[in-house]
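# Fold and geometry: a report
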Protein chains: 2
Amino acid sequence: MGAGSAKPTKTLSPGSQVLQMCDKQFMIDCGEGTQINIARMSLRMPRLDNIFISHLHGDHCFGLLGLLSTLGMLGRTRSITIHAHKDMETMLRPLLEYFCEGMTYEVKFNHINPSRHEMIYEDRTLTVTSLPLKHKVPCCGFLFEEKQRLPHMRKDMIQAYDIPLTEIPKIKEGADFMTADGRLIPNSSLTTPATPPFRYAYCSDTAYHKRLASWLQGVDCLYHEATFTEEFASRCKDTMHSTARQAAMTAKEAGVSKLIIGHFSSRITDRNTSLQEAKEVFENTILAEERKTFVLS
Amino acid sequence: MGAGSAKPTKTLSPGSQVLQMCDKQFMIDCGEGTQINIARMSLRMPRLDNIFISHLHGDHCFGLLGLLSTLGMLGRTRSITIHAHKDMETMLRPLLEYFCEGMTYEVKFNHINPSRHEMIYEDRTLTVTSLPLKHKVPCCGFLFEEKQRLPHMRKDMIQAYDIPLTEIPKIKEGADFMTADGRLIPNSSLTTPATPPFRYAYCSDTAYHKRLASWLQGVDCLYHEATFTEEFASRCKDTMHSTARQAAMTAKEAGVSKLIIGHFSSRITDRNTSLQEAKEVFENTILAEERKTFVLS
């Protein structure tokens, strides 16, 4: 929703993303104005049940109270889970009680430990793993991974051998098929390989650190903060952020397919410089933009 | 900054105003996204030292934490005073301590009692008075009044009688002037009447109530909420808001010069209906708009 960092500018507001994956929606971070950008984008979120907060700096969570409050006004009844450092609940609970009295749905908290690399969410189709980052406060990124899918059933084979629908789940799980006249058709003839599981990683905010790439090997798309350009390398180090070049280094070391950079400082007047510096290291880089939808697979 | 109410839409975000008066700036309410709109408008606020919060509903105060946090990041050193119901401090203090550690300036609170009609701020040039409103939680409007100014010194008289600069303050206070050759020039020949004090009133959120107009007699500009049109009169009553027509009734009864209506519900698809309904009662009505500057005098 927003591609900026702490200080808003004419074109950048604090960040938030909605990841649509496996027919679900996951919000990642929720800076101020997120619900406004959602409205401006006419974004519908019927399948948003989980919000992941990387760390407790304002530009990553000040939009949460407004969003949760509005979801209540819209009559939401399904619970929502906030995955965040435990202090998020300490800070947010009293506000929810005061400002959202009589809310129609439950806000749950899953306390995560940002310094651990572990699975923090799992459902039937995907998992989310925390990625410890190096920042001024406890902070982690998130790796969203589809689970291995079943192979595809070949439609031409269903017709050719008159396979009943009830047999298809078994064949997808690996069974062969016996025809009415007793011929055994091997599974390998009946299926095509499953679509490889999609993997998306979100890394903001962080200083460059070597270990990160080892957790990101081969992800399809990496979003990585690129708060500064090389011109501000010293400030970047002091504030424990990354330059566009450092984001690209991580992308290259991890061998990801695509890199999206964002979280630009208000000091960056021309984001093409960020893009250029990243592309010198990792060609398939694109810029995050305010209220933009990216189709990743 | 924003002209909407609780639920943001494609064109409306929650409200906030910056009133520039007597060379000072006063913020009134601070909904989510206020600091983003400030950045989008390239609004500079070197003379903002006071923020007035009408009531503790999210669309009137959820932008406060982000704004105060960003002012700190910009290195502000002068203190800022929040004039609000005491619960504002109870809610905000822990957040400021957690999210804005080591802030470079002090946030002060002036606890106001929204159910009382009294002066809550005074400086050399103006006063602010609370206006009790009828809403679901304690809520008040604000009347900003310039103090009576001194008469203008006539420049042609300074030349004609060779009046020394040191005499001018006395003449403005009402003294006559004695020329070098002993002639007494009466004060009435030396001055022209002072510019009448400007008065601005802000009333949001409130159900229509007769008494309000008595406090607003002859104000130059009244901003009044007009959440609904007549079509939603029943919902308007339930939620303790005003229709555009009711806002105009108050303006008419108070004999104000100009009415600005805002705080439009997301249900209002055509704000021209609001304008039309208000104008039928009070002709000099205009619509509040997102990120718009109004020159009032």
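Residues numbered from 1 in each chain as written. Chains lettered and ligands numbered in written order. Predicted model: local features only at pLDDT ≥ 70, side-chain atom pairs only at ≥ 80, totals over all residues. Heavy atoms only, no water.

### Some points on the relation of the copies chain B and chain A
You can overlay chain B on chain A at an RMSD of 0.1 Å; the transform is a turn of 180° with a shift of 0.0 Å along its axis. Between the two chains, the operation in question is that of a two-fold axis. For chain B, the smallest separation between a C-alpha atom and the rotation axis is recorded for G33 of chain B, amounting to 2.4 Å. By residue overlap, the copies meet face to face through one surface: 100% of the interface positions of chain B are interface positions in chain A. (Least-squares fit on C-alpha atoms with pLDDT ≥ 70 in both. Contact = heavy atoms within 4.5 Å.)

### Remarks on the environment of M21 of chain B
Residue and element names in this part refer to chain B. Topologically, M21 is positioned in strand β1 (residues 16-21). Using a relative accessible area of 4% as the deciding quantity, one classes M21 as buried. Put simply, M21 and S54 are 33 residues apart on the chain and 19 Å apart in space, counted from C-alpha to C-alpha. Residues contacting M21, with those up to four places away along its chain left out, are F26, L126, F144, E145, E146 and F198. (Helix = DSSP H or I, 4+ residues; strand = E, 2+ residues; numbered from the N terminus. Buried < 20%, exposed > 50% of the residue type's maximum accessible area, 1.4 Å probe, protein only.)

### Remarks on the confidence of the model for chain A
On average, residues of chain A carry a pLDDT of 95, and 100% of them reach 70 or more. Interface scoring of the predicted complex returns ipTM 0.91; its pTM is 0.92. (pLDDT = per-residue confidence, 0-100.)

### Structural notes on helix α11 (residues 271-279) of chain A
Spacing of three or four residues puts side chains on the same side of an α-helix, whose turn is 3.6 residues. All names here are of chain A. Where α11 is concerned, the buried positions are S274, L275, E277 and A278. Down the axis of α11, the smallest arc covering the buried residues is 165°, so these residues share one side. By the N-cap criterion, in which a side-chain oxygen at the helix start approaches the backbone nitrogen of a residue two or three places on, α11 is capped by D270, the distance to N272 being 2.9 Å. (Arc of directions from axis to C-beta. Polar contact = N/O pair within 3.5 Å; in protein donor to acceptor, adjacent residues only side chain to side chain.)

### Topic: the sheet that holds strand β15 (residues 258-262) of chain A
Residue and element names in this part refer to chain A. With respect to topology, seven strands assemble into an open sheet ordered β6-β7-β8-β13-β14-β15-β16, the strand pairing being mixed. A single partner strand is all that each edge strand has here, and the edge strands are β6 (119-122) and β16 (285-287). The mean inter-strand angle of the sheet, taken between neighbouring strand axes irrespective of direction, is 20°. Strand direction decides the pairing type here: β15 and β16, joined by three bridges, are parallel. If you follow I261 over to β16, its bridge partner there is L287. (Pairing = 2+ DSSP bridges. Axes fitted to C-alpha atoms, helices over the stretch in contact; angles between N-to-C directions.)

### Some remarks on unusual backbone geometry
The omega angle of the peptide bond from S204 of chain A to D205 of chain A is 0°, so this bond is cis rather than trans. Looking at the secondary structure, you find D205 of chain A in the loop between β13 (199-203) and α8 (211-215). One non-glycine residue, D162 of chain A, lies in the positive phi region at around 55°. Within the secondary structure, D162 of chain A sits in the loop between α5 (155-161) and α6 (168-172). Among the residues examined, D162 of chain A registers a relative accessible area of 65% and is labelled exposed. Even without glycine at this site, R291 of chain B takes up a positive phi of about 55°. Relative to the helices and strands, R291 of chain B resides in the segment after β16 (285-287). Judged by relative accessible area, which is 31%, R291 of chain B ranks as partly exposed.

### Some points on the interface of chain B and chain A
When the parts come together, some accessible area is lost, and that loss is often what is quoted as the size of the interface. At the interface, 38 residues of chain B touch 39 residues of chain A. Here chain B meets chain A over a buried area of about 3,000 Å², counting both sides, of which 66% is carbon and sulfur. Three residues, E32, R40 and F62 of chain B, lead the burial of chain B against chain A; their summed loss comes to 23% of the area buried on that side. Counting across the interface, chain B meets chain A through two salt bridges. Among the ionic pairs, R40 of chain A bridges to E290 of chain B, the shortest N-O distance being 3.4 Å. Counting across the chain B and chain A interface gives 15 residue pairs in polar contact (both at pLDDT 80 or more). Among the elements of the structure, α1 (34-40), α2 (58-61), α3 (64-73) and α4 (86-99) of chain B are those that each provide at least two residues to the side of chain B that touches chain A. Considering each element in turn, the side of chain B that touches chain A owes the most residues, six residues, to α4 of chain B. Along the lines of polarity and charge, the residues of the side of chain B that touches chain A split into 18 nonpolar, 13 polar and seven charged. (Buried area = accessible area lost by both parts, 1.4 Å probe. Salt bridge = Lys/Arg side-chain N within 4 Å of Asp/Glu carboxyl O. Nonpolar A, V, L, I, M, F, W, Y, C, P; charged D, E, K, R; others polar.)

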